[in-house]
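Observations on chain architecture
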Amino acid sequence: AVVSCDRECGAEISVDIKKYCETLKYLKKSQIRYLIKNRLTRGKAAVTEAKAPVRGELALWMPRLDEHPDYLKRFSLEELLNGNVTLLHESGTPSGNGWKHPDKSHLWNFNLQYLEFLIPLVAAYRGTKDEKYYICFRDYCERWISDNADGKGDGWHPYTISLRLTNLWICLDGFDGRVQEDQVFFLKLTDSMYAQYLHLQKKLELHLLGNHYLENLKAVMLGALYFKEPGIYAEYKSRLQEELKEQILPDGVHYERSIMYHKIVLEDVMRAAKGVKDADQLFYQELSALLQPMTDAMYSLEAGMGHTPLFNDSGDNVARSMLSLLAALREEFSIAPVNKNVFPDAGYYCLIHQGMKILMDAGEIAPDYMPGHGHCDGLSFEVSVDQHPVFVNSGTGQYQGSVRGYFRSTRAHNTVVIEGEEQSECWGEHRVARRISQVSGDGGADWIHGELVTATGRQQKRMILVDDQKVIVKDQVTGSAQGYLHLAPDYEYEEQDGQVLVKTVDGNVICRIIPELSDQIKIHRDGEICSYAPEFGQIMKIQVLEIAWEGDGSEHEIQINW
């Protein structure tokens, strides 16, 4: 028994080493260097006290964004006034050393540190001039400063600092001078912000890169404007320019290929542009020019879908809503979206037909060195009718927890599992070892085509055609295949004479799924596979159709008749 156990443990260790090696080989050398550096300096407390040399101004408040109903409905003013905060469907009280709440998810603790929940208090003050909203804002800020004075924990993570500083500058601008009138508090807050700004420069997330590093650069650059440090501004402006060139693909999509993160980065560019407008007109023009293709991408991929499409780590109520972003883009930058159906660099392709919209992913899982938000969703698709989702991917739900692995798996998406294997080797919370390759896609007025090779070398091809009231999905694989269709919560499946009906909860049939005669059909109504997370922290139950066949490399066809 001992020998057997040793062999099993040895095999597990060997597998883990292989995963680490496959993961590390995609990283940039600089990332590995900074990973080692971070390990050596882990646990070192931040210096939390500093004297700000200048207390400046930043114009970051955007009424159409920060006072938009889509945004404000996320927060309860009554709850905030009573000292409680609800984020990601969890509620708690910001208090205690480091504001650490062991009974809450790590993602909730992380989000709490952004202080984003202060923005609705500013919006309420602007609308009413009621001092209770300002006093509540001041109380939360003072409590954060005192409860996080030891320089440790999530509050001093570079990502939380980056978002918190930006949110505080948004609030300072939104209060229209009210904070500056409260001079003792204003000096205390600004000194704390300067200490955070200094610490952030020492802790840039160069081991991760991606959207985290972009947030770091944006925050330091804006801080350099606020604290009037021209040398720091010039350096971080240059670094931000380089990063934007790398992270925004030529088709306008953010390179992590999550529509949620695309919207987050779009807002980052908007805030940066507004912040530099009076100080650096040339950079303002450069950032403004970048906004148009990013806006086109957001609108083209999400409009008509009825929600943030669930490809890679994505969900609603994290990024600002598309409607609020479009309103602010129009008001602040005179930008209106242009609809497009093909995004070849990101690998997204759209079909729009008689009130129906299909969005398919035929792109890489993520940038090679930053795959942490990637899912096994190659050649998956979502379908919405009259802006109402019908066939959906499963979402994300959480970054830590028991179902994290499922939400990143192949069977959690509307694609095909071949021989029971994953498309890519997603592991841990944000790691990917072996992954899909040779990925390509194309699209026309009534068709989308994509193909890829899985991590284990299996070729997968898919064609989606629209013909009048019919959607035809043609797959080409070799080996045992299971195709999945995840149904939005408002619908249910019913098997009937070898076909599968999609019905509303009150019994109306909206479409029929017609598989091939030899296919094996299974409707899942229970278990992990029925998990659906349209928002972070919210996991619902849906029905999932599994269609199994033996692939010989020829076309296998499923029809969806509406």
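Everything that follows concerns the structure shown earlier in this document.
Residues numbered from 1 in each chain as written. Predicted model: local features only at pLDDT ≥ 70, side-chain atom pairs only at ≥ 80, totals over all residues. Heavy atoms only, no water.

Here's the deal with the sheet that holds strand β4 (residues 348-353)
- Strands sit in the order β3-β4-β5-β6-β7 across an open sheet of five strands; the sheet is antiparallel. Each edge of the open sheet carries a strand with a single partner, namely β3 (342-343) and β7 (388-391).
- Two strands pair when backbone bridges link them, and β3 and β4 are joined in this way by two bridges, in the antiparallel orientation. When the sheet's bridge partners are listed, F343 is paired in β4 with Y348.
- Lying over the sheet, helix α15 (residues 281-302) contacts β3, β4 and β5 (356-361), oriented at roughly 115° with respect to β5. (Pairing = 2+ DSSP bridges. Helix = DSSP H or I, 4+ residues; strand = E, 2+ residues; numbered from the N terminus. Contact = heavy atoms within 4.5 Å. Axes fitted to C-alpha atoms, helices over the stretch in contact; angles between N-to-C directions.)

Structural notes on the packing of aromatic side chains
- Going through the model one piece at a time under the given rule, you end up with 24 aromatic pairs.
- Ring geometry for Y197 versus F227: centroids 5.1 Å apart, planes at 45°, classification tilted. Linking Y197 in helix α11 (residues 183-202) with F227 in the loop between α12 (210-226) and α13 (230-247), this pair joins segments that are 30 residues apart in sequence.
- Residue class for F227 comes out buried when judged on its relative accessible area of 0%.
- Taken together, a centroid distance of 5.0 Å and an interplanar angle of 90° make the contact between Y226 and F227 edge-to-face.
- According to the relative accessible area criterion, Y226 is buried, its value standing at 2%.
- The rings of Y125, Y134, F137, F175 and F185 are connected pair by pair, giving a single aromatic cluster.
- The residue whose ring lies beneath R320 is Y71, and the NZ or CZ to ring-centre distance is 3.6 Å. (Phe/Tyr/Trp six-rings, centres within 6.5 Å; stacked < 30°, edge-to-face > 60°. Buried < 20%, exposed > 50% of the residue type's maximum accessible area, 1.4 Å probe, protein only. Lys NZ or Arg CZ within 6 Å of the ring centre and 35° of its normal.)

As for the nonpolar core
- F117, L118, F137, W169, M221, M270 and F333 are the most contacted members of the largest nonpolar core, which has 113 residues in total.
- With eleven residues, the top contributor of residues to this core is helix α14 (residues 259-276).
- L118 has contacts with F137, Y140, C141, L168 and C171, leaving out every residue within four places of it along the chain.
- Core analysis: the next-biggest nonpolar cluster, separate from the first, contains 55 residues, F391, V417, A488 and I529 among them. (Core = buried A, V, L, I, M, F, W, Y, C linked by side-chain atoms within 4.5 Å.)

Overview of the pattern of salt bridges
- A full pass over the atoms with the stated rule returns 31 salt bridges.
- Here D66 makes a salt bridge to R320, at a shortest N to O gap of 3.1 Å. Taken together, the residues span a long stretch of sequence, with D66 in helix α3 (residues 63-66) and R320 in the loop between α15 and α16 (322-333) at a distance of 254 residues.
- For D66, a relative accessible area of 0% translates into the label buried.
- Under the relative-accessibility criterion, R320 is labelled buried at 3%.
- Among the ionic contacts, a cluster of salt bridges with common partners joins D66, E267, R271 and R320. (Salt bridge = Lys/Arg side-chain N within 4 Å of Asp/Glu carboxyl O.)

A few points about the packing of α11 against α12
- Packing of α11 against α12 leaves a shortest axis separation of 10 Å and a crossing angle of 135°. Considering their axes alone, α11 and α12 lie oblique with respect to each other. In the crossing of α11 with α12, the sense of the turn from one axis to the other is left-handed. Each of F186, T190, Y197, L200 and Q201 in α11 lies in contact with α12, whose residues at this interface are N216, A219, V220, G223, A224 and Y226.
- Residues of the contact of α11 with α12, tallied by class, amount to seven nonpolar, four polar and no charged. (Parallel < 35°, antiparallel > 145°, perpendicular 65-115°, else oblique. Left-handed = near helix turned anticlockwise from the far one by under 90°. Nonpolar A, V, L, I, M, F, W, Y, C, P; charged D, E, K, R; others polar.)

Considerations on the sheet that holds strand β16 (residues 491-496)
- Reading across from one edge, β11-β12-β13-β14-β23-β18-β17-β16 is the order of the eight strands in this open sheet, with antiparallel pairing throughout. Whereas interior strands pair on both sides, the edge strands pair on one side only; in this sheet they are β11 (437-443) and β16. Between one strand axis and the next, the sheet turns by 15° as a mean value, whatever way the strands run.
- Judged from the seven bridges that link them, strand β12 (residues 447-453) and strand β13 (residues 459-467) form a sheet pairing that is antiparallel. Note that in β13 the partner of H449 across the bridge is M463.

Section: the pairing of β12
- Strand direction decides the pairing type here: β11 and β12, joined by five bridges, are antiparallel. Looking at the pairing, S437 lines up with V453 of β12.
- Here β11 folds back onto β12 in antiparallel fashion, the turn holding three residues.
- Where β12 folds back onto β13 in an antiparallel hairpin, the turn is made up of five residues, including G457, whose phi is positive at roughly 90°.

Examining the pairing of β7
- Bridge analysis of strand β6 (residues 381-385) against β7 gives three bridges, and the strand direction is antiparallel. Residue pairing for β7: V385 is matched across the bridge by H388.
- The antiparallel hairpin formed by β6 and β7 contains two residues in its connecting segment, where D386 sits at a positive phi of about 50°.

Taken by themselves, the reported measurements are silent on function.
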